[in-house]
Amino acid sequence: KARPLARTLLALDPLGWLPNTIPAMIEQMDGQFEKALHAGQKAWEMNGARPLKFKVQILALAGNTGEAIALADELLTANPEYVVLNLIGMLRYALEGNRDEVEKLFTREVDSLARGDFQYASWVADVFALLGDSDRAVEWLTIALERGYIPYPYVSAHDRLLEKIRDDPRFKLILERMRQRWVAF
């Protein structure tokens, strides 16, 4: 259902970074990470921090850790004032298992930003899951769910960054709540 809507949006705004990023996000949600990288090519070529932050996440999901880290470093260096990129920096360091650097980037401002946005809250959940911190990953996934994050098929089968918490009974409860909301939607 999303693909025709994405094509319509792209026809309405062919030069916008978001309409050019949405096809990549759709492929990501389907677990098609290589397709997602290709689908977002026009957005990536716009070379702004907004579309490229999604590319970092997709690279990480695709298992291209080195490329994800390199792009994150490039974005962080070029845009030190863009606080949203702290989330990408957190992902970057979580991919290396560097909890100290993650905590440095997880400022009050980032915490507040993430608590108000389901997407950012889900990214924080991914970061703490990568670090093996089930308590915080579950907390942030719960926040994401409470804010309307319900992509059950993606979370249940495709978000590889959550692998370390999949056996946690609390994760399974969140997943069931998410499934119920997905079905009801």
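Residues numbered from 1 in each chain as written. Predicted model: local features only at pLDDT ≥ 70, side-chain atom pairs only at ≥ 80, totals over all residues. Heavy atoms only, no water.

A look at the layout of surface pockets
Size it by volume and the largest pocket reaches roughly 980 Å³. Ala2, Ile26, Met29, Pro151 and Trp182 are the residues nearest the centre of the largest pocket, which is lined by 27 residues in total. Among the secondary structure elements, those contributing two or more residues to the lining of the largest pocket are α1 (2-12), α2 (17-29), α5 (49-61), α10 (118-130) and α12 (152-157). The element best represented in the lining of the largest pocket is α2, accounting for six residues. Looking at the lining of the largest pocket residue by residue, the classes come out as 19 nonpolar, five polar and three charged. (1 Å grid on protein atoms, 1.4 Å probe; cavity = no way out; pocket = protein on both sides within 12 Å on 5 of 7 lines; lining within 4 Å. Points joined across faces, edges and corners; volume = space filled by probe spheres on them. Helix = DSSP H or I, 4+ residues; strand = E, 2+ residues; numbered from the N terminus. Nonpolar A, V, L, I, M, F, W, Y, C, P; charged D, E, K, R; others polar.)

Details of helix α7 (residues 85-95)
The periodicity of an α-helix, 3.6 residues per turn, causes residues three or four positions apart to be oriented the same way. Within α7, 10 of the 11 residues are buried, leaving the element largely enclosed by the surrounding structure. When α7 is considered as a whole, its buried residues turn out to be Leu85, Asn86, Leu87, Ile88, Gly89, Met90, Leu91, Arg92, Tyr93 and Ala94. Buried positions along α7 lie against α5, α6 (65-78), α8 (99-105), α9 (108-115) and α10. Of the residues one or two after α7, Gly97 is the one with positive phi, at around 75°. (Buried < 20%, exposed > 50% of the residue type's maximum accessible area, 1.4 Å probe, protein only. Contact = heavy atoms within 4.5 Å.)

Concerning the packing of aromatic side chains
Inspection of every chain in the model, using the stated rule, returns six aromatic pairs. Judged by centre distance (6.2 Å) and plane angle (25°), the ring pair of Trp17 and Phe54 falls under stacked. Of the two residues, Trp17 is situated in helix α2 and Phe54 in helix α5; the sequence distance between them amounts to 37 residues. What makes Phe54 buried here is its relative accessible area of 4%. (Phe/Tyr/Trp six-rings, centres within 6.5 Å; stacked < 30°, edge-to-face > 60°.)

Details of empty space enclosed by the protein
This model, assessed by the stated rule, comprises one cavity of 30 Å³ or more. Of the pockets and cavities examined, the largest cavity occupies roughly 40 Å³. If you go around the largest cavity, the residues you meet are Gln57, Leu87, Ile88, Leu91, Trp123, Asp126 and Leu161. The set of elements that each furnish at least two residues to the lining of the largest cavity consists of α7 and α10. At three residues, the largest contribution of residues to the lining of the largest cavity is made by α7. Along the lines of polarity and charge, the residues of the lining of the largest cavity split into five nonpolar, one polar and one charged.

Here's the deal with the nonpolar core
By size, the foremost hydrophobic cluster in this structure holds 61 residues, and its most contacted members are Met90 and Trp140. For this core, the leading source of residues is α10, giving nine residues. In contact with Trp140, not counting residues within four places along its chain, are Phe106, Asp111, Ala114, Arg115, Ala121, Val124, Ala125 and Phe128. (Core = buried A, V, L, I, M, F, W, Y, C linked by side-chain atoms within 4.5 Å.)

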